[in-house]
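Tertiary structure, described
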Amino acid sequence: MKTYVVGGAVRDALLGLPVQDRDHVVVGATPDQMVAAGFRPVGKDFPVFLHPETQEEYALARTERKTAPGYHGFVFHTAPDVTLEDDLVRRDLTINAMARADDGSIVDPYGGKRDLEARLFRHVSSAFAEDPVRILRVARFAARFADFRVAEDTNALMRSMVEAGEVDALVPERVWQELSRGLMERRPSRMFAVLRDCGALARIMPELDALWGMPQPRRPEVDNGVRIMEVIDHAAELDRTLAVRCAVLMRDLGGADAVAGLCKRLKVPNDCRDLALITAREHSHVEAAAKLDAAALVALFGRCDAFRKPERFAEMLLAAACHAPVPQAWLLAALEVARGVDAGAVAASCAGDKARIPDAVLAARVAAVGSWMAQSPPG
């Protein structure tokens, strides 16, 4: 029985990057032997075990065979005679198909070190085409390793997979999982560039893909797709949250209805969906906030549910500010003035007439904000 560290841990160590997690492959063992050695079985589809002390994952060397479209249709085979090379050949990219033995030596049967030096994403074998998730993974890796490029033959293979409808078989949850991870990398625009180049973006996010070649309404010389990529990278440079980055990405998809449709199709989590919706709907009002009167400001707060959720309103301002100048501090101060109105006292002053309370509270908030604006103009 031999164990090897495999995959990303080997790749990152060779790149001089911190190694976060280590995965191991075990060659020449059976599940019973692993259990007898104290490992705890956790794998559902194939034998994976947790080390009794480190809790790191150890998987038995395996081969796989595709039996149905999409990424669920695989049959796995493990046996003591499955070699390390058999296991590595099923992996996605050559830079992820290296192993490190206990003595520190690198096992690299498919040219991973060569492609690391060339800054190249290259598929290991034709088995790449059997799993459409790998297209998303390559795109996500491009967002992390921004100086790498996709090999021409690998891009051609990904394009053929898209044309064969493999991407259409992906379940929304898996698409979102990979997209959201890529959005949180250093250069999210690289992910979308890779997806566009192979045709996958038009299948996964046609609303976003349609922005390329579309001029911005107020700046017709600017390509909307190119601009949105600049802005999403800016949001990454500012280390914004996933929800903010989603809102930045979806702001110009064609209105709140388009955003809602995309979020429903990809099953985007509620916090990301809601922030993207209010950003798409309200960004123009936020950008023009300095020209709004007190009533319009309070109405903006109400539409954004900012009295109940001021933190989300603040996040919306961060998303809007990635695209254009926004008086964030001034708007948040105005919101605090409006939230400072004692709604209970106003209700008590309505002498039991409940129907008057909403209008009275609104009027009190507008009056408070108006008085504050007279003393605190924007800018």
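Residues numbered from 1 in each chain as written. Predicted model: local features only at pLDDT ≥ 70, side-chain atom pairs only at ≥ 80, totals over all residues. Heavy atoms only, no water.

In terms of regular secondary structure, the chain is built from 19 helices and 11 strands. Overall, the chain is about 85 × 50 × 40 Å in size when its C-alpha atoms are taken along their principal axes. Here the contacts in the chain between residues at least 6 apart in sequence split such that 63% fall between residues at least 24 apart. Looking at the chain, you have 48 positive and 53 negative side-chain charges, and the mean spots of the two groups are 3 Å apart. (Helix = DSSP H or I, 4+ residues; strand = E, 2+ residues; numbered from the N terminus. Contact = heavy atoms within 4.5 Å. Lys, Arg positive; Asp, Glu negative; His and termini not counted. Charge placed at Lys NZ, Arg CZ, Asp CG, Glu CD.)

Glancing now at the packing of aromatic side chains. Under the definition given, this model contains 7 aromatic pairs. Between the aromatic rings of Phe 301 and Phe 307, the centroid separation amounts to 6.3 Å while the plane-to-plane angle is 85 degrees, which identifies the pairing as edge-to-face. Phe 307 matches Phe 301 in its accessibility class, with the two residues each being buried. With 5.5 Å between their ring centres and 90 degrees between their planes, Phe 301 and Phe 313 make a pair best called edge-to-face. With Phe 301 in helix 15 (residues 294-303) and Phe 313 in helix 16 (residues 310-323), this residue pair connects regions lying 12 residues apart in the sequence. (Phe/Tyr/Trp six-rings, centres within 6.5 Å; stacked < 30°, edge-to-face > 60°. Buried < 20%, exposed > 50% of the residue type's maximum accessible area, 1.4 Å probe, protein only.)

Moving on to the side chain of Glu 178. With respect to the helices and strands, the residue Glu 178 is situated in helix 7 (residues 172-183). With a relative accessible area of 1%, Glu 178 lands in the buried category. Contact partners of Glu 178, with chain neighbours within four places excluded, come to Val 133, Leu 136, Arg 137, Arg 140 and Met 191.

Attention now moves to the pattern of salt bridges. Summed over the entire model, instances satisfying the criterion amount to 27 salt bridges. Its salt-bridge partner being Arg 251, residue Asp 252 comes within 2.9 Å of it at the nearest N-O pair. Across the pair, Arg 251 and Asp 252 agree in class, each one buried. Among the charged side chains, a salt-bridge network with shared partners connects Arg 114, Asp 115, Arg 122 and Asp 153. (Salt bridge = Lys/Arg side-chain N within 4 Å of Asp/Glu carboxyl O.)

Turning next to the packing of helix 7 against helix 12 (residues 242-250). To describe two helices that pack against each other, one gives the angle between their axes and the distance between the axes. Put simply, helix 7 and helix 12 touch, their axes get as near as 10 Å, and they point 95 degrees apart. Comparing the axis directions of helix 7 and helix 12 gives the class roughly perpendicular. The residues of helix 12 that touch helix 7, namely those facing Trp 176, Ser 180 and Leu 183, are Leu 242, Arg 245, Cys 246 and Leu 249. (Axes fitted to C-alpha atoms, helices over the stretch in contact; angles between N-to-C directions. Parallel < 35°, antiparallel > 145°, perpendicular 65-115°, else oblique.)

Right, let's get into the pairing of strand 5 (residues 57-60). If a strand is regular, its side chains alternate between the two faces of the sheet. Sheet analysis places strand 2 (residues 23-27) next to strand 5, joined by 4 bridges and oriented parallel. By the bridge assignment, His 24 is partnered in strand 5 with Tyr 58. Here strand 4 (residues 48-50) pairs with strand 5 via 3 bridges, running antiparallel. Opposite Val 48, over in strand 5, you have Ala 59 as the bridge partner. Hairpin connection, strand 4 to strand 5: the antiparallel pair is bridged by 6 residues, and Gln 55 has positive phi, about 65 degrees. (Pairing = 2+ DSSP bridges.)

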